[in-house]
Amino acid sequence: MALTESDIQNVLKTITDPNTGKDYVSSKSARNIQIKGNDLSLDIVLGYPAKSVIAEIQAQVKSALEHIPGIGSVTVNVGSRIVSHSVQRGVQLLPGVKNIIAVASGKGGVGKTTSSAAFGTGLALRGFKTCIIDFDVGLRNLDLIMGCERRVVFDFINVINGEARLSQALIKDKRVENLYILPTSQTRDKDALTPEGVGKILDELKKEFDYILCDSPAGIEKGALMALYWADHAIIVTNPEVSSVRDSDRILGVIQAKSRRAEQGLEPVKEHLLVTRYDPERVEKGEMLKVEDVLEILAIPLLGIVPESPAVLKASNVGMPVVLDDKSNAGQAYGDAVGRFLGETIEHRFIKPEKKGFLDRLLRRTA
Ligand SMILES: Nc1ncnc2c1ncn2[C@@H]1O[C@H](COP(=O)(O)OP(=O)(O)O)[C@@H](O)[C@H]1O
Ligand SMILES: [Mg+2]
């Protein structure tokens, strides 16, 4: 009996995506079903970035289809469909994607909060419902950089302590759809951050958000450990300087030892390196480390290189994440980093000094 597309659909209806709980037919993930004789090929297109689960889904679908009596070879291609913001408007993403991203560093002042704001905004611009949480209790920088400091009524600590509901503390960004900020307290002490308290809130957020970005304090103080403990991904922010790189190396060790994933023997936290405040001219002069040098010490995948740029200060002065300044090189670099995180292949830019214009060279010569 010849195989039909509906035979294949019937099998696909019985297996569910482990990340969304939906079967591959009702989620419209199964596409391009091709039957040649007894051989079958199809695509599974996921509505979320899913590099880490591609192999698992491929094996699951393949083995289910191979049980069809008389079937020949089965080829399953799994990929993600990343939809741009404008197309995405009004379309719901598949629920249930759980991605907690900790933004961490060994040293302070390297650009974690700048990066959390820019990266989180970048994810929201791509249509992902994103929440950025400020874990740096006592400093409260994130709401300033996001330009929502006047709208803070309740904060993360209030919610942990049961003094406010999560919905009362979440601030919805006025510029970018799908973007929310959970500010922290400027005055309370850090002891309020307990693993249970933080875990409960993250669980609640996970029901609603595609990505939760945790802006950590530097080093391994309590707030940082809390953010790292629950993380699925860690973005390690590093400046091209020896001390910053060394301290980042130490943090990598902590992540692999003290995260929930390590504790429970799960797949390790995915590490990403974000080199910030990169000044190609100073690198050429040997005053800063080259990207290659940084990568030699921190052997983790490079998510992006953000150049030193006056646009960062300008943006933070007006409470705007720099990624919204898409004319600036720093803004573009963050946009690229988001694309890479979502699985796109994007060449690194801003590594070489900008070519000086004729006038500029002339002025330099006479200066
Ligand atoms: N790419 C960059 N170019 C220029 N200045 C930057 C850049 N990234 C961060 N900064 C500046 O560095 C300082 C520290 O940044 P911040 O994001 O608060 O770091 P952290 O959260 O790691 O302490 C801020 O004054 C910020 O404006
Ligand atoms: Mg900070």
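Structure: above.
Residues numbered from 1 in each chain as written. Chains lettered and ligands numbered in written order. Predicted model: local features only at pLDDT ≥ 70, side-chain atom pairs only at ≥ 80, totals over all residues. Heavy atoms only, no water.

Chemist: Quick one: what's the story with the overall build of the protein, residue by residue and with numbers?
Modeler: The number of helices and strands found in the protein is 16 helices and 11 strands. Classification of the 367 residues of the protein by burial places 51% in the buried group. Intrachain contacts of the protein at a sequence separation of at least 6 include 72% that bridge at least 24 residues. (Helix = DSSP H or I, 4+ residues; strand = E, 2+ residues; numbered from the N terminus. Buried < 20%, exposed > 50% of the residue type's maximum accessible area, 1.4 Å probe, protein only. Contact = heavy atoms within 4.5 Å.)

Chemist: Just give me the short version of the sheet that holds strand β2 (residues 39–46), but keep the residues and values in it.
Modeler: Across the sheet, three strands lie side by side as β1-β2-β3; this open sheet has mixed pairing. Two strands close off the open sheet at either side, each with one partner strand: β1 (30–36) and β3 (74–80). Sheet twist, expressed as the average angle between the axes of neighbouring strands with direction ignored, equals 10°. Of the pairings in the sheet, the one linking β1 to β2 comprises five bridges and is antiparallel in character. Paired with A30 across the bridge in β2 is I44. Contacts from helix α2 (residues 54–65) reach β2 and β3 within the one sheet, and its direction differs from that of β3 by about 150°. (Pairing = 2+ DSSP bridges. Axes fitted to C-alpha atoms, helices over the stretch in contact; angles between N-to-C directions.)

Chemist: Lay out the sheet that holds strand β10 (residues 270–278) with the relevant residues and their values.
Modeler: Spatially, β6-β7-β5-β8-β4-β9-β10-β11 is the arrangement adopted by the eight strands of the open sheet, whose pairing is mixed. This sheet does not close on itself; its edge strands, each paired only once, are β6 (171–172) and β11 (302–307). Here helix α4 (residues 112–125) sits on the sheet and contacts β4 (99–104), β5 (130–134), β7 (179–182), β8 (211–215), β9 (233–238), β10 and β11; the angle it forms with β8, its principal contact strand, is near 170°.

Chemist: A description of the environment of I235 should follow, citing residues and the corresponding values.
Modeler: With respect to the helices, strands and loops of the structure, I235 is situated in strand β9. Overall, I235 belongs to the buried group, its relative accessible area being 1%. When the C-alpha positions of I235 and L273 are compared, they lie 5.8 Å apart, and in sequence the two are 38 residues distant.

Chemist: Describe the pattern of salt bridges, naming the residues involved and giving the relevant values.
Modeler: With the rule as written, the count across this model stands at 15 salt bridges. One salt bridge in this structure joins R260 and D232, with 3.9 Å as the shortest N-O distance. Of this pair, R260 sits in helix α11 (residues 260–263) while D232 sits in the loop between α9 (222–229) and β9; the two residues are 28 residues apart in sequence, bridging distant segments of the chain. You'll find R260 and D232 in the same group, each marked buried. Overlapping salt bridges bring together D232, R260 and R261 as one network. (Salt bridge = Lys/Arg side-chain N within 4 Å of Asp/Glu carboxyl O.)

Chemist: How would you summarise the site of ligand 1 if you had to cite specific residues and measurements?
Modeler: Taken together, G109, V110, G111, K112, T113, T114, R277, V306, P307, E308, S309 and V312 are the residues near ligand 1. Taking K112, its side chain carries an N or O atom lying 2.8 Å from an oxygen atom of ligand 1. In the model, a nitrogen atom of ligand 1 is placed 3.0 Å from a nitrogen or oxygen of the P307 main chain. For ligand 1, the cavity whose grid points lie within 2 Å of the majority of its atoms is the second largest pocket. (Near = heavy atom within 4 Å. Polar contact = N/O pair within 3.5 Å; in protein donor to acceptor, adjacent residues only side chain to side chain. 1 Å grid on protein atoms, 1.4 Å probe; cavity = no way out; pocket = protein on both sides within 12 Å on 5 of 7 lines; lining within 4 Å. Sits in = over half its atoms within 2 Å of the grid points.)

Chemist: Describe the layout of surface pockets, with residues and values.
Modeler: Size it by volume and the second largest pocket reaches roughly 420 Å³. G109, V110, G111, K112 and T114 are, among the 22 residues lining the second largest pocket, the residues nearest its centre. For the lining of the second largest pocket, the per-class residue count stands at nine nonpolar, nine polar and four charged. (Points joined across faces, edges and corners; volume = space filled by probe spheres on them. Nonpolar A, V, L, I, M, F, W, Y, C, P; charged D, E, K, R; others polar.)

Chemist: Outline empty space enclosed by the protein, supporting the account with residue identities and numerical values.
Modeler: Evaluated as defined, the whole model comprises two cavities of 30 Å³ or more. Roughly 50 Å³ of internal volume is contained in the largest cavity. Residue lining of the largest cavity: T114, A117, I145, V312, A315, S316, M320, P321 and V322, and that is the complete set. When residues of the lining of the largest cavity are traced back to their parent elements, those giving at least two are α4 and α14 (310–317). Broken down by class, the residue content of the lining of the largest cavity amounts to seven nonpolar, two polar and no charged. Lining the second largest cavity we find G304, I305, A333, D336, R340, H348, R349 and F350. Secondary structure elements with two or more residues in the lining of the second largest cavity: β11 and α15 (329–341). Of all the elements, α15 adds the most residues to the lining of the second largest cavity, at three residues. Split by residue class, the lining of the second largest cavity holds three nonpolar, two polar and three charged.

Chemist: Before we move on, can you summarise the packing of α4 against α15 with the specific residues and values?
Modeler: Axis separation between α4 and α15 bottoms out at 9 Å; the angle between their running directions is 60°. Relative to α15, the element α4 lies oblique. Crossing hand, α4 versus α15: right-handed. In this structure, α4 uses T114, S115, A118, F119, G122 and L123 to contact α15, whose residues at the interface are Y334, A337, V338 and F341. (Parallel < 35°, antiparallel > 145°, perpendicular 65-115°, else oblique. Left-handed = near helix turned anticlockwise from the far one by under 90°.)

Chemist: Lay out helix α8 (residues 195–206) in plain terms, naming residues and giving numbers.
Modeler: One turn of an α-helix holds 3.6 residues; hence residues three or four places apart share an orientation. The end-to-end C-alpha distance of α8, which contains 12 residues, comes to 16 Å, matching closely the 16 Å that a straight helix rising 1.5 Å per residue would cover. Listing the buried residues of α8 in full gives G197, V198, G199, I201, L202, L205 and K206. (Expected span 1.5 Å × (residues − 1).)

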